[in-house]
Amino acid sequence: MEIYITGDLHGDLQRFQPGIFYEQEGLTKEDIVLVAGDFGCVWHGDERDDEGLDWLEGRPFTTAFVTGNHENYDSLRIFAICIGPFPPIHKSKMRFTTAAASSSTIHSFLSAGLTM
């Protein structure tokens, strides 16, 4: 498993285009791209978010994020929450964590894995 960490997407998925993030060519769904704050792709909480989320779901890697200060927390609340040995996880087409971004949070999240 490979782990890539980025942040501050603010809903802009261009950095995940194959021509920019060329490393994804060899990745699988076992590999994780963790957005460490300001994901911003769940903004409306309805079908307006679907195009970007569907596109990310089609990438060869698994995307997860730790929320930042620029998220629409009301929209994130619509997703079911799974409780485990890590901060609360929101599940939708992808798996999300809504914990504050700290090194211990990221460590516990990665240590626990994404299996639910």
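Residues numbered from 1 in each chain as written. Predicted model: local features only at pLDDT ≥ 70, side-chain atom pairs only at ≥ 80, totals over all residues. Heavy atoms only, no water.

Peer 1: Outline the packing of aromatic side chains, supporting the account with residue identities and numerical values.
Peer 2: Going through the model one piece at a time under the given rule, you end up with five aromatic pairs. Measuring from ring centre to ring centre gives 5.7 Å for Phe16 and Phe61, while their planes differ by 55 degrees; the resulting arrangement is tilted. Of this pair, Phe16 sits in the loop between β1 (3–6) and β2 (32–36) while Phe61 sits in the loop between α1 (50–57) and β3 (62–66), and the two are 45 residues apart along the sequence. Judged by relative accessible area, Phe61 falls into the buried class, the value being 0%. (Phe/Tyr/Trp six-rings, centres within 6.5 Å; stacked < 30°, edge-to-face > 60°. Helix = DSSP H or I, 4+ residues; strand = E, 2+ residues; numbered from the N terminus. Buried < 20%, exposed > 50% of the residue type's maximum accessible area, 1.4 Å probe, protein only.)

Peer 1: How would you sum up the confidence of the model for the protein? Please name residues and give values.
Peer 2: Per-residue confidence for the protein gives a mean pLDDT of 76, with 66% of residues at or over 70. Ignoring residues within four places in sequence, the model shows residues 92–116, a span with pLDDT below 50, making 65 contacts including any to other chains. (pLDDT = per-residue confidence, 0-100. Contact = heavy atoms within 4.5 Å.)

Peer 1: Explain the pairing of β2 to me, and be specific about the residues and the numbers.
Peer 2: Counting buried positions over the five residues of β2 gives four, a clear majority of the element. Pairing geometry for β1 and β2, over four bridges, is parallel. Among the inter-strand pairings, Ile3 is bridged to a residue of β2, identified as Ile32. Direction of pairing for β2 relative to β3: parallel, over a ladder of five bridges. If you follow Leu34 over to β3, its bridge partner there is Ala64. Where the polypeptide runs from β2 across α1 and back to β3, its parallel neighbour, the crossover connection is right-handed. (Pairing = 2+ DSSP bridges. Right-handed = clockwise from strand over helix to strand, strands pointing away.)

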